[in-house]
Structures are given as C-alpha cells and as structure tokens.
Amino acid sequence: TLAKIKALVSIAAPWAGSPQVVRVLFSGAEMVSRLIISDAETRDFARQLSGAYMLLPHERLWENHTLISVREQSSSQSASSSSSKGFEEYRGRTDELTKLFRKIEAHAPASASGMLRAFRRASAIVDVWSAPPVPVVCVVGAGAPTSVSFRYCEGWP
C-alpha cells in the first residue's frame, strides 16, 4: 500500500519507453549474455513478461522515430508499414507497433502468441505523463550511448 512507500528511487528509468525493448521482443538480441541464454530464449521469455510491454516507447515522444527496420521479404512494398530502400520501418506510434506485433505473431505463433493482447493491456494502464503519488528520486547516468533505432538485414524468419 502507498502508506508504506516513502519514495520511488529510479535508476536510469526509461520514463517514456526504450527502443531496446522493441529489439528484445523482436529478436532477443543483446539483452542477456549469450553465454548464459540464447537470443531466442531471451526473446521468448521477454514476450511473456507484462512489464516488458510497459517499457515500450511511448507514442507522445517516439511517434516519428523509426524504432526498428526489417528487410522486406519481397520487392513489393509492405502494406503494414512505410518502406525505405527495401526495409519495413516501424515508428513509435501505437498503430505501427500494433502492426509489428501482429506480424510477429503471424510469423511465430508458438512463441509470440498474446503479444498484441499484452501490448494493448499495458497501453491501457500505463500513463507515462502522470507522476507517481509519492516523491520521486531519479538517478541518471551520463556518457553511455543510448540506442534509438535498430535495423535487421536478415528479414523475417
């Protein structure tokens, strides 16, 4: 209960979301050491975590930024996204993330089932623009590069 919470201390919190989460849900790449768990295992595990969808980039800040680009399967432009030099591009808009999750679910129904449902559920309860009802202390690092976009040349599995 809130009566027992004096403050929220966040360390490098992605207040408006992180493009890295899109990458993890798409491929599992570089989230955990590959010596411990494979990218595919990381990806499949992350897709089951409700919290991962709460960390997705928020539309109000990321709507015009390309978060992920995937090589198109055919020479024709994909109907699900804009195209740039043979790549499907997905920006931080809710409708484009919805299309991306639909496509992932279609390509990998066993491991991706429920992604769209989890994304919609998280979007309905997360409001990144409202402060928590307790004092907030933010600890932010400096000098570490922040990834804002990822490109996959292999295309869809």
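Just so you know, these numbers come straight off a predicted model, no measurement behind them.

Student: Is there a simple way to explain the packing of aromatic side chains in this structure?
Tutor: The relation between two aromatic rings is expressed through the spacing of the ring centres and the mutual angle of the planes. The full count for this structure, using the stated rule, is two aromatic pairs. Each ring, one from Y53 and one from F101, has its centre 6.0 Å from the other, and the planes form 75°; the classification is edge-to-face. Placement of Y53 in helix α3 (residues 50–54) and of F101 in helix α5 (residues 94–107) is noted, with a sequence separation of 48 residues between them. An identical accessibility class is assigned to Y53 and F101; each is buried. The interplanar angle of 65° and the centroid separation of 5.2 Å between the aromatic rings of F101 and F119 together place this pair among those described as edge-to-face. With F101 in helix α5 and F119 in helix α7 (residues 115–125), this residue pair connects regions lying 18 residues apart in the sequence. Taken as a pair, F101 and F119 share a single burial class, namely buried. Following the ring pairs from residue to residue traces out a cluster consisting of Y53, F101 and F119.

Student: How should a nonpolar patch on the surface be read in this particular structure?
Tutor: Nonpolar side chains collect at one region of the surface, where V9, I11, V137 and V139 lie side by side and expose about 370 Å² of accessible area between them. At the level of secondary structure, the elements contributing two or more residues to the nonpolar patch comprise β1 (8–11) and β5 (136–139). Here V137 falls in the partly exposed class, since its relative accessible area comes to 42%.

Student: I'm lost on α7 in this one. Help?
Tutor: In an α-helix, one turn spans 3.6 residues; hence positions three or four apart end up facing the same way. Turning to α7, its buried residues number three or more, namely M115, L116, A118, F119 and A122. All buried residues of α7 project into a common sector of 160° when viewed along the axis, lining one side. Exposed side of α7, more than 90 degrees from the buried face: R117, A124 and I125 are the residues found there. Buried residues along α7 sit in contact with α1 (19–26), α3, α5 and α6 (109–112).

Student: Just to check I follow, could you spell out the confidence of the model for the protein chain for this structure?
Tutor: Interpretation of the predicted coordinates at a detailed level should be avoided for regions scoring low in pLDDT. On average, residues of the protein chain carry a pLDDT of 82, and 90% of them reach 70 or more. Considering each helix and strand of the protein chain separately, the mean pLDDT is smallest for strand β3 (residues 82–84), with a value of 55, and largest for α5, with 93. Scored below 50 in pLDDT, residues 75–81 makes 13 contacts in the model with residues more than four places away or belonging to other chains.

Student: For this particular structure, what's the right way to read the pattern of salt bridges?
Tutor: Pairing is possible between side chains that carry opposite charge, provided their charged atoms lie close to one another. Counted according to the given criterion, the structure contains five salt bridges. Between E96 and R91 there is a salt bridge, with its nearest N and O atoms 3.2 Å apart. The shortest N-O distance in the salt bridge between R93 and E96 comes to 3.4 Å. Judged by its relative accessible area of 26%, R93 falls in the partly exposed class. Ionic contacts of the salt-bridge type, sharing partners, join the residues R91, R93, D95 and E96 into one network.

Student: In this structure, what is going on with the packing of α1 against α5? I would like to understand it.
Tutor: Two quantities define a packed helix pair, namely the angle between the axes and the distance from one axis to the other. For the pair α1 and α5, the least separation of the axes is 11 Å and the interaxial angle reads 15°. Between α1 and α5, the angle is such that the two are roughly parallel. Here α1 runs over α5; the crossing is left-handed. Taking contact as the criterion, the partners of V22, L25 and F26 in α1 are, on α5, L97, L100, F101 and I104. Per-class residue counts for the contact of α1 with α5 are seven nonpolar, no polar and no charged.

Reading the values: rules and limits
Residues numbered from 1 in each chain as written. Predicted model: local features only at pLDDT ≥ 70, side-chain atom pairs only at ≥ 80, totals over all residues. Heavy atoms only, no water. Phe/Tyr/Trp six-rings, centres within 6.5 Å; stacked < 30°, edge-to-face > 60°. Helix = DSSP H or I, 4+ residues; strand = E, 2+ residues; numbered from the N terminus. Buried < 20%, exposed > 50% of the residue type's maximum accessible area, 1.4 Å probe, protein only. Patch = residues over 30% accessible without salt bridge, like charges linked within 9 Å, V, L, I, M, F, W, Y side chains within 5 Å. Areas by Shrake-Rupley, 256 points an atom, 1.4 Å probe, with all protein chains shown as cover. Salt bridge = Lys/Arg side-chain N within 4 Å of Asp/Glu carboxyl O. Arc of directions from axis to C-beta. Contact = heavy atoms within 4.5 Å. pLDDT = per-residue confidence, 0-100. Axes fitted to C-alpha atoms, helices over the stretch in contact; angles between N-to-C directions. Parallel < 35°, antiparallel > 145°, perpendicular 65-115°, else oblique. Left-handed = near helix turned anticlockwise from the far one by under 90°. Nonpolar A, V, L, I, M, F, W, Y, C, P; charged D, E, K, R; others polar.

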